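Structural characterization, general
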Amino acid sequence: MTAVTPAAARRERILQEAVRQGLLDPEEALLAAFVDLDGVAATVGTLHDAFPGPPELPGVLHTFAAKANCLVPVLRELAQLGMGCEVATAGELARALAAGFPADRIVFDAPAKTRAELERALALGVTVNADNFQELERIDRVLARRASTSTIGVRLNCQIGGGTIAAMSTATSTSKFGVPLTDRGNRERLLRAFGEYPWLTWVHTHTGSQGCPLDLMARGVAQAVEFADQVEAAFGPGRVTGIDIGGGLPVNFADDEVTPTFSTYVEQLRAHAPKLFEGRYQVVTEFGRSVLAKNGFLAAYVEYTKSAGGRPIALTHAGVQVATRTVFNPDAWPLRIEAHDGNGTAKRGRPVRQDVAGPACFAGDLLARDRALPPLEPGDLVVVPDTGAYYFSTPFHYNSLPEPAVHGVRVLADGRIDFTLIRPAQDPWRLSDRDGMSRPPREPVGAPARGAR
Ligand SMILES: *Cc1c(COP(=O)(O)O)cnc(C)c1O
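Residues numbered from 1 in each chain as written. Predicted model: local features only at pLDDT ≥ 70, side-chain atom pairs only at ≥ 80, totals over all residues. Heavy atoms only, no water.

As for the packing of aromatic side chains
Per the stated rule, a full pass over the model turns up 11 aromatic pairs. Aromatic pair F34 and F297: ring centres 5.1 Å apart, planes at 25 degrees, arrangement stacked. Of this pair, F34 sits in strand β1 (residues 31-36) while F297 sits in strand β11 (residues 296-308); the two residues are 263 residues apart in sequence, bridging distant segments of the chain. For the pair formed by F34 and F297, the shared burial category is buried. For the ring pair F328 and F362, a centre distance of 5.8 Å and an interplane angle of 10 degrees mean the geometry is stacked. Here the residue F328 occupies a position in helix α11 (residues 324-328), and F362 occupies one in the loop between β14 (352-357) and β15 (366-373), the gap between them amounting to 34 residues. Judged by relative accessible area, which is 22%, F362 ranks as partly exposed. A cation sits over an aromatic face here: R189 above F133, 3.8 Å from the ring centre. Here the guanidinium or amino end of R270 rests over the ring plane of F277, the centre of that ring lying 4.7 Å away. (Phe/Tyr/Trp six-rings, centres within 6.5 Å; stacked < 30°, edge-to-face > 60°. Helix = DSSP H or I, 4+ residues; strand = E, 2+ residues; numbered from the N terminus. Buried < 20%, exposed > 50% of the residue type's maximum accessible area, 1.4 Å probe, protein only. Lys NZ or Arg CZ within 6 Å of the ring centre and 35° of its normal.)

Next comes the structure, spelled out in structure tokens:
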């Protein structure tokens, strides 16, 4: 057995206390999620420490990619820790504003921004990164009608290649994101855009997420810096004020070690994109997974255990509704599982290979296949570490499975564990507008009400 890490010991303590306080209960709270707010603060601290200040970088704004965990109290916490927020939809923008991010610390990146969304963002003064030439024209038309305090950039696809997960790779030659810079004529056309649009002052790139090697990401940033230098050579120094280098730092899902670190990435940036550190450009970053993943975990009860074809199977309450990517693409998104007893204490029994299944009605709803774990029994708890980003915060409504409660956790100075409710559990018996309950049963859909005044 591997040694117990401080992180695993901390999860165990939190779990025991959660059971004691009834936040996990075999009848009432079958599944719950936890965000370690001390851990989040520590991670944000390492991010702030990793990047240099002046004279190398005149200014750095670290934004959190909201899609990684869009729960408003989590965003509020990040706002209070001095981060900005990267949003990709109107819904994420609404949540970032509700969390208290000032407009000038919000960056709106989306490949399909509508006219109304652009008008709103520009009126609010939110930073906007345009995805393509048509969007640049659209922004120009909006700005012709009303001035804006927004910082405006354009996203480059440096087309330097992908990582190990195709769906996470955004700098392939045919990626849907940004202006493909190496396609014939595009570099010149984008340079002309900088000549034509005085409001265009930033360059944005995001090479990809999980599965992209650090040197690939750093080389993507180098391409963006080179393009910014080209704009400056053409139109004078100061023409580009900053470079948004995106996010994408991968996360280690294999154990509790935090690797790679933000500092390692900054070393790679120094090696591949040294011109970023010459004090000429401000920098924005957009990390998501690397800020939250290791600071969250799920816990679910084992309801039954059985054996099929010689394979032990534990039927648990965590599956596709909270681990969507892992269930549909298990090879790309493996998750660790830890076995605990009903009191939350880690089980130390001799490992047996078993499947850990979720509650949904399709055969593929498995958190782990053929995984060596201490034998699970009904009433035990399974813990799923590293799920603070893109898991329970992004639930999938298959089978009308309810969204679990999410609890914020802090360990107080006296050692007590303090929980705060981030999101209440959904009650499966309570239907809402989302279930089509807003319409009375016999009203014809879409017909105007007759005789309405
Ligand atoms: C998803 C995304 C991010 C965040 O990626 P992570 O892998 O979570 O760090 C940042 N910027 C853009 C444009 C994105 O689409």
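Some words on the site of the ligand
By nearness alone, 14 residues border the ligand, and K67, S209, E286, R289 and Y390 come closest of all. One nitrogen or oxygen atom from the side chain of S209 is found 2.7 Å from an oxygen atom belonging to the ligand. Separating an oxygen atom of the ligand from a backbone N or O atom of R289 is a distance of 2.8 Å. A total of 390 Å² of accessible area belongs to the ligand in isolation, and the protein chains cover 94% of it. (Near = heavy atom within 4 Å. Polar contact = N/O pair within 3.5 Å; in protein donor to acceptor, adjacent residues only side chain to side chain. Areas by Shrake-Rupley, 256 points an atom, 1.4 Å probe, with all protein chains shown as cover.)

Thoughts on the pattern of salt bridges
For the structure on display, the rule yields 23 salt bridges. The shortest N-O distance in the salt bridge between D36 and R10 comes to 2.6 Å. In this pair, D36 sits in strand β1 while R10 sits in helix α1 (residues 6-20), placing the two residues 26 residues apart along the sequence. Using a relative accessible area of 13% as the deciding quantity, one classes D36 as buried. A salt bridge links R280 to D229, with the shortest nitrogen-to-oxygen separation between them at 3.0 Å. Here D229 lies in helix α8 (residues 214-235) and R280 lies in the loop between α9 (262-272) and β10 (282-287), a separation of 51 residues in the sequence. Residue classification places R280 among the partly exposed residues on the basis of a relative accessible area of 34%. Judged by relative accessible area, which is 14%, D229 ranks as buried. A single salt-bridge network, built from bridges that share partners, covers R11, D256, K294, R336, E338 and D386. (Salt bridge = Lys/Arg side-chain N within 4 Å of Asp/Glu carboxyl O.)

Observations regarding the environment of R219
Mapping R219 onto the fold places it in helix α8. In this structure, the C-alpha to C-alpha distance between R219 and Q268, residues 49 residues apart in sequence, is 8.8 Å.

Notes on the side chain of N252
Examined against the element boundaries, N252 turns out to sit in the loop between β9 (242-244) and α9. A distance of 2.8 Å separates the side chain of N252 from the side chain of D255, its partner in a polar contact. With residues up to four places along the chain from it excluded, the contact list for N252 reads E257, T259, K294 and D386. (Contact = heavy atoms within 4.5 Å.)

Regarding the nonpolar core
If you look at the biggest cluster of nonpolar residues, it comprises 111 residues, and the most contacted ones within it are L78, L136, L190, Y265 and L276. Ranked by residue count, the leading element in this core is α8, at 11 residues. When neighbours within four sequence positions are excluded, Y265 is seen to be in contact with L214, M217, A218, V221, I245, L249 and F287. (Core = buried A, V, L, I, M, F, W, Y, C linked by side-chain atoms within 4.5 Å.)

Some remarks on the domain arrangement of the chain
The domain boundaries assigned to the chain delineate domain 1 (8-36 + 294-435) and domain 2 (37-291). Placing a centre on the C-alpha atoms of domain 1 and another on those of domain 2 gives a separation of 33 Å. Counting residues at the interface gives 29 residues for domain 1, matched by 26 residues for domain 2. Carbon and sulfur atoms supply 55% of the area that domain 1 and domain 2 bury against each other, a total of about 2,300 Å² over both sides. When residues of domain 1 are sorted by the area they lose upon contact with domain 2, K294, W333 and Y390 head the list and together hold 30% of the total. Summed over the shared surface of domain 1 and domain 2, the result is four salt bridges. For D38, the salt bridge goes to R10, with nearest N and O atoms at 2.9 Å. Inspection of the region where domain 1 meets domain 2 yields 18 residue pairs in polar contact (both at pLDDT 80 or more). Secondary-structure elements contributing two or more residues to the side of domain 1 that touches domain 2 are α1, β1, β17 (405-411) and β18 (417-423). (Domains from an automatic or database assignment. Buried area = accessible area lost by both parts, 1.4 Å probe.)

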